[in-house]
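One letter stands for each residue in the lines below.
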Amino acid sequence: MDMSQQRVLVIFAHPDDPEFMVGGTIARWAREGAAVTYVIITDGSAGSNDPTMERDTLVDLRRREQRGACDAAGVGDLLFLGYQDGVLQPTLELRRDLTRIIRQYKPTIVVCGDPTAWFYSEGYINHPDHRAAAAAAIEAVFPSAETRPIFRELLAEGLEPHKVQQLWITGATEVNMWVDISADIETKIEALRHHKSQVEVGEGEFIRKWAAEDGRKVGMTYAETFKVMRLSSGE
Ligand SMILES: [Zn+2]
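Residues numbered from 1 in each chain as written. Predicted model: local features only at pLDDT ≥ 70, side-chain atom pairs only at ≥ 80, totals over all residues. Heavy atoms only, no water.

Caption draft 1: Representation of the coordination of the zinc ion in the model. The protein atoms that coordinate the zinc ion are His14 (ND1), Asp17 (OD) and His130 (NE2), at distances spanning 2.0 to 2.1 Å. All donors of the zinc ion belong to a single chain; written as a sequence motif, their spacing is H-x2-D-x112-H. This pair shows no difference in class: histidine 14 is buried, exactly as aspartate 17 is. (Donors = N, O, S within 2.8 Å, 3.2 Å for Na, K, Ca; no water. Buried < 20%, exposed > 50% of the residue type's maximum accessible area, 1.4 Å probe, protein only.)

Caption draft 2: Fine view of the packing of aromatic side chains. All chains considered together, the criterion is met by 6 aromatic pairs. Seen in terms of ring centroids, tryptophan 29 and tryptophan 168 are 4.9 Å apart; in terms of plane orientation they differ by 85 degrees. Their pairing is edge-to-face. Pair noted here: tryptophan 29 is in helix H1 (residues 17–31) and tryptophan 168 is in strand S7 (residues 166–170), with a separation of 139 residues, a long-range link. Accessibility classification places tryptophan 29 together with tryptophan 168 in one group, the buried group. (Phe/Tyr/Trp six-rings, centres within 6.5 Å; stacked < 30°, edge-to-face > 60°. Helix = DSSP H or I, 4+ residues; strand = E, 2+ residues; numbered from the N terminus.)

Caption draft 3: Main features of the pattern of salt bridges. What the rule picks out here adds up to 20 salt bridges. Between arginine 64 and aspartate 60 there is a salt bridge, and its shortest N-O distance comes to 3.2 Å. Of this pair, arginine 64 and aspartate 60 both sit in helix H2 (residues 55–73), 4 residues apart, roughly one helical turn. Judged by relative accessible area, which is 53%, arginine 64 ranks as exposed. Glutamate 157 is paired through a salt bridge with arginine 100; the nearest N and O atoms lie 2.9 Å apart. Of this pair, glutamate 157 sits in the loop between helix H5 (152–156) and S7 while arginine 100 sits in helix H3 (residues 92–105); the two residues are 57 residues apart in sequence, bridging distant segments of the chain. Judged by its relative accessible area of 42%, glutamate 157 is partly exposed. When salt bridges that share partners are traced, they join Asp16, Arg62 and Asp85 into one network. (Salt bridge = Lys/Arg side-chain N within 4 Å of Asp/Glu carboxyl O.)

Caption draft 4: The arrangement of helix H6 (residues 185–192) in detail. Among all positions of H6, only Ile185, Lys188, Ile189, Ala191 and Leu192 are buried. Along the axis of H6, the buried positions cluster into a sector of 160 degrees, meaning they face one direction only. Looking at the packing, one finds that the buried side of H6 touches H1, H2, helix H7 (205–216) and strand S9 (223–230). (Arc of directions from axis to C-beta. Contact = heavy atoms within 4.5 Å.)

Caption draft 5: Layout of the sheet that holds strand S2 (residues 35–42). Ordered in space as S3-S2-S1-S4-S7-S9-S8, the 7 strands form an open sheet in which the pairing is mixed. A strand with exactly one partner marks an edge of an open sheet, and here the two such strands are strand S3 (77–83) and strand S8 (177–180). For this sheet, the mean angle separating the axes of adjacent strands, direction not counted, is 25 degrees. The sheet contact formed by strand S1 (residues 7–12) and S2 spans 6 bridges and is parallel. Across the sheet, the residue bridging to phenylalanine 12 is isoleucine 40, located in S2. Against the sheet, helix H4 (residues 128–144) contacts S1, S2, strand S4 (109–112) and S7, and its axis sits at roughly 160 degrees relative to S4. (Pairing = 2+ DSSP bridges. Axes fitted to C-alpha atoms, helices over the stretch in contact; angles between N-to-C directions.)

What follows is the structure in structure tokens.
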């Protein structure tokens, strides 16, 4: 795939989600010339249990951390939708907001999570915001972004239907794509390091371990995995 011809829209619930989940792939695609836009749906305000942390301070901090992470990975556009962190639902309002962005940015590829994933290994319950963000993103890709009569108010804003060609789902229960991020693992770690309020990255050993596990099956040093849906024959 010639990435210099691709417009990529990456949709997640929280600041730091893209870095954890797809940071290597995005760094690679950006390096290969793709135009990448991140959409962070929530305000990140539930990202601290410190009783002295002021909400506005945290929201502002997390925005700056995300901007730094985007700069590290070569991501140009960064949009914050400002929904409340921790209680996200896949509402029609959110679907409309994401549909609007898809029609504005006209991505060839949309990247998001897996709305069906409740459990990862034996130790982690998938955050409900992640499932909600993924459901709303997929429901915006299909059918509302490409279907004229859905959200007619967007037509009044001058936003014509747009068909996304590929949906790349990370954290998927069924995987059919491995992206070799061996040349981009350091950039992934560097981007994640910007989220100082959320994660102690250190030397990034846990990131290397995850990526090595994902790559082992297909003989890559480091990989990220996806379920890829090809939604059109390609215009
Ligand atoms: Zn998250």
